[in-house]
Structure formats: structure tokens, C-alpha cells
Amino acid sequence: QVQLVESGGGLVQPGGSLRLSCAASGSIFSIDAMGWYRQSPGKQRELVAVIISGGSTNYADSVKGRFTISRGNAENMVYLQLSSLKPEDTAVYYCYGLFVIRATMPPMSYWGTGTQVTVSS
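About the criteria used
Residues numbered from 1 in each chain as written. Predicted model: local features only at pLDDT ≥ 70, side-chain atom pairs only at ≥ 80, totals over all residues. Heavy atoms only, no water. Disulfide = S-S within 2.5 Å. Helix = DSSP H or I, 4+ residues; strand = E, 2+ residues; numbered from the N terminus. Buried < 20%, exposed > 50% of the residue type's maximum accessible area, 1.4 Å probe, protein only. Pairing = 2+ DSSP bridges. Salt bridge = Lys/Arg side-chain N within 4 Å of Asp/Glu carboxyl O. Contact = heavy atoms within 4.5 Å. Core = buried A, V, L, I, M, F, W, Y, C linked by side-chain atoms within 4.5 Å. Phe/Tyr/Trp six-rings, centres within 6.5 Å; stacked < 30°, edge-to-face > 60°. Lys NZ or Arg CZ within 6 Å of the ring centre and 35° of its normal.

Taken as a whole and assessed by the stated rule, the structure comprises one disulfide. The side chain of Cys22 participates in a disulfide bridge whose partner is Cys95; the two sulfur atoms lie 2.0 Å from each other. One disulfide, between Cys22 and Cys95, carries an S-S torsion of -85° and so falls in the left-handed class. With Cys22 in strand β3 (residues 18-25) and Cys95 in strand β9 (residues 91-100), this pair connects stretches of sequence that are 73 residues apart. For the pair formed by Cys22 and Cys95, the shared burial category is buried.

A few words on the pairing of strand β5 (residues 46-52). Direction of pairing for strand β4 (residues 30-39) relative to β5: antiparallel, over a ladder of six bridges. From the neighbouring strand, Arg38 faces β5, where its bridge partner is Glu46. Joining the antiparallel neighbours β4 and β5 is a turn of six residues, in which Gly42 adopts a positive phi near 80°. Here β5 folds back onto strand β6 (residues 57-59), and the loop between the two strands holds four residues, one of which, Gly55, carries a positive phi near 105°.

Turning our attention to the pattern of salt bridges. Throughout the structure, instances matching the rule amount to four salt bridges. A salt bridge links Arg66 to Asp89; the shortest N-O distance between them is 2.8 Å. Residue Arg66 is located in the loop between β6 and β7 (67-71), and its partner Asp89 is located in the loop between β8 (77-82) and β9; the two are separated by 23 residues in the primary sequence. Looking at Arg66, the relative accessible area reads 11%, which means it is buried.

Moving on, we get to the environment of Val100. If you trace the backbone, Val100 turns up in strand β9. In this structure Val100 comes out as buried when scored by relative accessible area, which is 9%. Sequence-wise, Val100 and Asp32 are 68 residues apart; in three dimensions their C-alpha atoms are separated by 7.3 Å. Excluding its chain neighbours within four sequence positions, the residues that come into contact with Val100 are Ile28, Phe29, Ser30, Asp32, Met105 and Pro107.

Moving on to the nonpolar core. Counting residues in hydrophobic clusters, the biggest one holds 28 residues, and the most contacted among them are Met34, Trp36, Leu80 and Tyr93. Where this core is concerned, the elements lending two or more residues are β3, β4, β5, β7, β8, β9 and β11 (115-119). Once residues within four sequence positions are removed from consideration, Leu80 is found in contact with Leu18, Arg19, Leu20, Trp36, Val48, Ala49, Phe67, Thr68, Ile69 and Tyr93.

Tallied over the full model, the rule gives four aromatic pairs. Look at Tyr37 and Tyr96: their rings are 5.6 Å apart centre to centre, the planes differ by 65°, and that puts the pair in the edge-to-face class. Here the residue Tyr37 occupies a position in strand β4, and Tyr96 occupies one in strand β9, the gap between them amounting to 59 residues. For Tyr96, a relative accessible area of 11% corresponds to the buried category. Residues Tyr96 and Trp111 carry aromatic rings whose centres are separated by 5.1 Å and whose planes lie at 55° to one another, so their mutual orientation is tilted. Of this pair, Tyr96 sits in strand β9 while Trp111 sits in strand β10 (residues 108-111), and the two are 15 residues apart along the sequence. With a relative accessible area of 37%, Trp111 lands in the partly exposed category. Taken together, the ring pairs connect Tyr37, Tyr96 and Trp111 into an aromatic cluster. Positioned above the aromatic ring of Tyr94 is the side chain of Arg45, whose terminal nitrogen or guanidinium carbon lies 3.7 Å from the ring centre. For the cation-ring pair, Arg45 lies above Trp111, with the distance from its terminal atom to the ring centre recorded as 4.8 Å.

The structure is reproduced here in C-alpha cells:
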């Protein structure tokens, strides 16, 4: 029932910018955290950025100062602004959510299906 859908990926030149969006839908009681992960061919999925319910954020060292994660006015939206892009940022970017579906149950992790970001000249 719960789904995460990403959008905004594409092809950009080095030094360019891109804005990714993620919308969560379904019956969600509360959101503990939302974030972004990425995965390149032959590599494991890695954390890019996360934002918790109180607004605190954390970033991978490789993207600090270049990427910004934010929540939309709607509680089910999260964004990732990617700037000063490098070829090594090329990956499939996945939206992540840590959601409480029922108040009596612990939070569970949910994943989107990903959006491709390619940084190349």
C-alpha cells in the first residue's frame, strides 16, 4: 500500500545541478525519517542524505556542501538538490522512508524504485 516514487533524474554536465523529488503515498501514521541513497553499477547502495522528523539532516562526506535535502510543505514529500555535480555522482538515486504505519508497531523501511542521474559531458 505504501509507495515512494522518485522523479527529476536525468543527464547533466559536470558542474551542473539537478533537483530530485520523492512523494510517499499510502496509509502512513507518521514519518520518522526520509532520505536518499544511491547505487552505481558494481557498488553497494550508500547513504547520500537523510532528514529526520525534527528537521535535522545528515550527509555523506562526499556530498557535503554540494547537496541539500529538504522536506516539502506536504509531509509526504522530500527533495534533494544536487549542485556542482561530478561524474562520480552518477548513480541510481533511491528515495527512502522510515514510516510508522500502525501506532502499535515499530517503524519500517520503504524504498522507491530509483531515478537515474548521469553526470557526463
